[in-house]
Every structure is written in structure tokens, then in C-alpha cells.
Amino acid sequence: MFLLISKQEIIERAIELGFEDIGFTTADPFTSQIEILNSRKEEYAWAFKSLNLMEGIDPKRIMPPAKSIIVLIASYFKKSFPKSLESYFGRCYLDDDRITKDGISREVKKFRIFLRDNGIDSKFPAHMPHRLAAARAGLGTFGKNCLFYSRKAVRQGSWTLPIPLIIDQEFEPDEDTSSIGCPDWCRNACIIACPTGALKSPRKLDPRKCISYLTYFGEDLTPKELREPMGLWVYGCDHCQNVCPRNKPWLVEELPLNERVVAMEEDFELSRILHMDRNYYRKTIWPHMFYMGLGDMWRWKMNVARVMGNTRDPKFVPDLIKAFNENDDLRVRCMISWALGRIGGDQAKNALKTFLKNSEGQLRQEILEALGQIL
Ligand code: SF4
Ligand code: SF4
């Protein structure tokens, strides 16, 4: 079939729209994933519930006339983030416009309109293994931490989003670069540094142990043995990327501040989240970080209480006391008690003694243990 546009013209348009890189691959199925998904059904049961992962492996099941896949590389870390946010929230969530549609999504839309205007139909498959697609399109390699490292963007680091688009026209595929690109001298720094042991071995992650997963999907009260290792992460975790030597060249760059994210700084203050009501959550927090449903406000508050405890900063004690009194969720109250015990001091101790008078069962036990920590 006669093509209206060349591969080179598509590449030029992608770069013009601000994408960092672009690659092409075939619409063949990602067969290596079949075995992986079959052998890891238990670990990924939560993802199977909402996504048809098996369908995502085969582009032709998603879009029957599929002929090629274009992969765009965008970076969410072209500008820097305030310390008050990147210390607690994974960077990729801080400028995530999948709901607000006022950032990268808008450029993807423009790119798809450009394809359409040139006779190419496209489909964005949310459930396709996007990192595999990027590597098969020659755009970079994998890290042992399971992340994708770009061949070009962010000094060849991992702070990127591969965006696959299935298209109904055939273009010459780029050379596959699927391999682990870690230097031999790095002795698995990411695996050793992972606080919860989620990285079991090179490219093997148990998502149920990953702090990112636990912050937004963890069921019930966070178990005691995870509260300290989960540290200061409220939503997401960047630890295995922060310790990676492949990311250091970009981490030392002096970048201009991301003003869109700076504008969120006050709204995402820990104490505001701890005291937020449903309306605040729906309007202010959820449009940016939406993995938790509107009924999951308790998990946000529990996470913030844990983080406050792990800061060991007495300035949070009045907030925690106030939140205990305004919350009747057992999970939040238990975590507040733990946090007060971890921070310690007279004010925390006296508050815990007061809480003890009207408590029973699991909460009473948490309060007694928190008091035990202080005493
Ligand atoms: S994101 Fe955090 S918890 Fe998850 S594997 Fe990396 S270091 Fe471990
Ligand atoms: S920390 Fe080392 S092993 Fe892990 S992804 Fe980075 S280079 Fe690879």
C-alpha cells in the first residue's frame, strides 16, 4: 500500500512535539511474556483483576489490522521537583496528567492526530508491556531493577515513560535492544537497597512487596514489620532508581524547577492530607494521584501518619493527636498511635495515655506498644 508519509517524517514530528525519542517495531506478539505471566499469576493477581494482560501481549488482538508499533519516549523528569514532594511521592506521579490531560497526554493526542491526518490509524494499549515494546523498538535496555533505561533521554537514565501506539501501517522495524544494560561493576545496588526485599533477583520483582504497590494497593493496616522499611514514601517509591549509578548523571544535573508541580506543593503538605475531607481529596489530590479510589482516603491518611512517625519530627505530634480525634477509622488510628510512639516525647506519651482510656482490642494493643516504645 502507498504510504502518505515516511518514517523519517514521523520521527521529526515526534521530536518537534517534545518527545525524547521514537522507535518502531513489528506488531508480532510479545511471546516471552506468556510464560512470565503464566508463572506469576499469583503475584500479579491484582493486575489481572483490572487489566486483560494476556490480550496486551498480542497487538492484533487489541487492534486486528495492526502492522507496526511506534514507541514514543517521554520524560517526566525534565525539570526538577521540590524536595518537599520528591521525598514523599514517586517522581513519575508528581507530573502525571492521565486525568488532567494537560501535559504529555496532550502531546500524544497531537501526535495521533498527525498520524490520522496522514492516513494512519492508531491505538494506545494501556495493557501492553510498554517497556518490552520500547526495548524491541531499539530505544534502550533494562535495569536489574525492572525499569527501562533510555538510550538517549535523561542521560540514558530510567526517568522515562515509554508510550506504545499500535498502528495499521507497516514501517521498517528498528533493531531490538532487549537486554540488561547494567555495568558488571554494579553489584546489584538496587536489589541490595530495596527496603522491603521486593526485588528478589535481577529483573524479578514481587509487586506485592514493593513499596509503590503497598502505598496504593496495600490491604488493611500496614503490618508492623513494614512500617519502618516503607520509610517516608506516601505514594510510590523511587529508591531503586535513586541508588542506581545509571541514573546518577541525570540526578546531578541542575534542572529548572517544574512550576506545575511547585503549584501543588501546598496542597500536598503532609498535614493537609492527614486532615483532608472527601471533597478535598476528590478535587485536589485524586486528579493527580488516582490509583486509590475515592473510598480509600483511609489509606492516604494511614500512609501519612506512618511517614510522620518515620520523620521522628515532634512538629507532627499535634497534627497526629488532632487526626486521632477526628478519625474513626481503626487503621488510621492504629497507625497514628504507632507514629506517636515512634516520635516519642511527653506530648505524645500523654496523648497516648488519654487515647488508651477509651480504646479496646487491636487499637488498645497498638497504643500499649507505642507507650512501651516511649517508656
Ligand atoms: S520501588 Fe522501592 S520497594 Fe519497589 S522495588 Fe524499588 S526500591 Fe524496592
Ligand atoms: S543499581 Fe546497578 S544493578 Fe540495579 S539497575 Fe542500576 S546499574 Fe543495574
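Parameters and conventions
- Residues numbered from 1 in each chain as written.
- Chains lettered and ligands numbered in written order.
- Predicted model: local features only at pLDDT ≥ 70, side-chain atom pairs only at ≥ 80, totals over all residues.
- Heavy atoms only, no water.
- Helix = DSSP H or I, 4+ residues; strand = E, 2+ residues; numbered from the N terminus.
- Rg over C-alpha atoms; globule rule 2.2 N^0.38 Å.
- Buried < 20%, exposed > 50% of the residue type's maximum accessible area, 1.4 Å probe, protein only.
- Contact = heavy atoms within 4.5 Å.
- Areas by Shrake-Rupley, 256 points an atom, 1.4 Å probe, with all protein chains shown as cover.
- Lys, Arg positive; Asp, Glu negative; His and termini not counted.
- Charge placed at Lys NZ, Arg CZ, Asp CG, Glu CD.
- Pairing = 2+ DSSP bridges.
- Axes fitted to C-alpha atoms, helices over the stretch in contact; angles between N-to-C directions.
- Near = heavy atom within 4 Å.
- Nonpolar A, V, L, I, M, F, W, Y, C, P; charged D, E, K, R; others polar.
- Core = buried A, V, L, I, M, F, W, Y, C linked by side-chain atoms within 4.5 Å.
- Expected span 1.5 Å × (residues − 1).
- Arc of directions from axis to C-beta.
- Domains from an automatic or database assignment.
- Buried area = accessible area lost by both parts, 1.4 Å probe.
- Parallel < 35°, antiparallel > 145°, perpendicular 65-115°, else oblique.
- Left-handed = near helix turned anticlockwise from the far one by under 90°.
- Salt bridge = Lys/Arg side-chain N within 4 Å of Asp/Glu carboxyl O.

1. Details of the overall build of the protein chain
Logical step 1: A count of helices and strands for the protein chain gives 22 helices and 8 strands.
Logical step 2: Taken over C-alpha atoms, the radius of gyration comes to 23 Å for the protein chain, in line with the 21 Å a tight globule of 375 residues would show.
Logical step 3: C-alpha extents for the protein chain along the principal axes are approximately 80 × 40 × 40 Å.
Logical step 4: Taken over 375 residues, the protein chain has a buried fraction of 52%.
Logical step 5: Nonlocal contacts in the protein chain, meaning residues at least 24 apart in sequence, comprise 75% of its contacts between residues at least 6 apart.
Logical step 6: Carbon together with sulfur atoms contributes 51% to the accessible area of the protein chain, which is approximately 17800 Å² in total.
Logical step 7: Distance between charge centres in the protein chain, computed from 54 positive and 50 negative side chains, equals 3 Å.

2. Focus on the sheet that holds strand S1 (residues 21-26)
Note on sheets: strands pair through backbone hydrogen bonds, and any given pair is parallel or antiparallel.
Logical step 1: The 4 strands lie next to each other as S1-S2-S6-S3, forming an open sheet whose pairing is antiparallel. Of all the strands in the sheet, the pair left with one neighbour each is S1 and strand S3 (122-123).
Logical step 2: Here S1 pairs with strand S2 (residues 68-75) via 6 bridges, running antiparallel. Each residue of the ladder has a partner; that of Thr26, found in S2, is Ser68.
Logical step 3: Here helix H1 (residues 7-16) sits on the sheet in contact with S1 and S2, set at roughly 140 degrees to S1.

3. What about the site of ligand 2?
Logical step 1: In the neighbourhood of ligand 2, 13 residues make up the surrounding shell, with Lys144, Cys182, Cys186, Cys190 and Cys244 lying closest.
Logical step 2: Class assignment of the residues belonging to the shell around ligand 2 gives a composition of 8 nonpolar, 3 polar and 2 charged.

4. A word on the site of ligand 1
Logical step 1: Near ligand 1 you find Cys194, Pro195, Thr196, Leu199, Leu205, Cys210, Ile211, Cys237, His239 and Cys240, and these make up its full shell.
Logical step 2: Across the shell around ligand 1, the residue classes break down as 8 nonpolar, 2 polar and no charged.

5. With respect to the nonpolar core
Logical step 1: By size, the foremost hydrophobic cluster in this structure holds 81 residues, and its most contacted members are Phe89, Val234, Tyr235, Trp300, Leu320 and Leu340.
Logical step 2: For Tyr235, the residues in contact, after removing those within four places along its chain, are Tyr88, Phe89, Gly90, Tyr93, Thr215, Tyr216, Met289, Phe290, Tyr291, Met292 and Trp300.

6. What about helix H22 (residues 361-374)?
Logical step 1: Along its 14 residues, H22 runs 20 Å from first to last C-alpha, staying within 8% of the 20 Å computed at 1.5 Å per residue.
Logical step 2: Residues of H22 that are buried include every one of Leu363, Glu366, Ile367, Ala370 and Leu371, and no others. One side of H22 carries all its buried residues, which in axial view fall inside an arc of 135 degrees.
Logical step 3: Structurally, H22 contributes buried residues whose contacts are with helix H12 (224-227), helix H19 (317-326), helix H20 (330-343) and helix H21 (346-357).

7. Examining the domain arrangement of the protein chain
Logical step 1: As assigned here, the protein chain comprises domain 1 (7-167) and domain 2 (191-374).
Logical step 2: The straight-line distance from the C-alpha centre of domain 1 to that of domain 2 is 29 Å.
Logical step 3: Between domain 1 and domain 2, the contact holds 45 residues from the first and 50 residues from the second.
Logical step 4: Looking only at domain 1, the three residues that lose the most surface to domain 2 are Tyr88, Phe89 and Tyr93, adding up to 17% of its buried area.

8. Points about the packing of H1 against helix H8 (residues 104-117)
Logical step 1: Interaxial distance between H1 and H8 falls to 10 Å at its minimum, and their mutual angle equals 155 degrees. Taken together, the axis directions place H1 and H8 in an arrangement best described as roughly antiparallel. Crossing of H1 against H8: the hand is right-handed. Side by side, H1 and H8 meet where Glu9, Ile10, Arg13 and Ala14 of the first sit next to Phe111, Phe114 and Leu115 of the second.
Logical step 2: Its residues assigned to classes, the contact of H1 with H8 comprises 5 nonpolar, no polar and 2 charged.

9. Observations concerning the packing of H19 against H20
Logical step 1: Where H19 contacts H20, the axes come no closer than 10 Å and their chain directions differ by 155 degrees. Classified by the angle between their axes, H19 and H20 sit roughly antiparallel to one another. Where H19 crosses over H20, the two elements pack in a sense that is left-handed. Across the interface between the two elements, Val317, Leu320, Ile321, Ala323, Phe324 and Asn325 of H19 pack against Arg333, Ile336, Ser337, Ala339, Leu340 and Ile343 of H20.

10. So, the pattern of salt bridges
Logical step 1: Per the stated rule, a full pass over the model turns up 23 salt bridges.
Logical step 2: As a salt-bridge pair, Arg342 and Glu228 come within 3.4 Å of each other at their nearest N and O atoms. Separated by 114 residues along the polypeptide, Arg342 in helix H20 and Glu228 in the loop between H12 and helix H13 (239-242) bring together distant segments of the chain.
Logical step 3: You can call Glu228 partly exposed: its relative accessible area is 48%.
Logical step 4: Connected through shared salt-bridge partners, Asp21, Arg151 and Lys152 make up one network.

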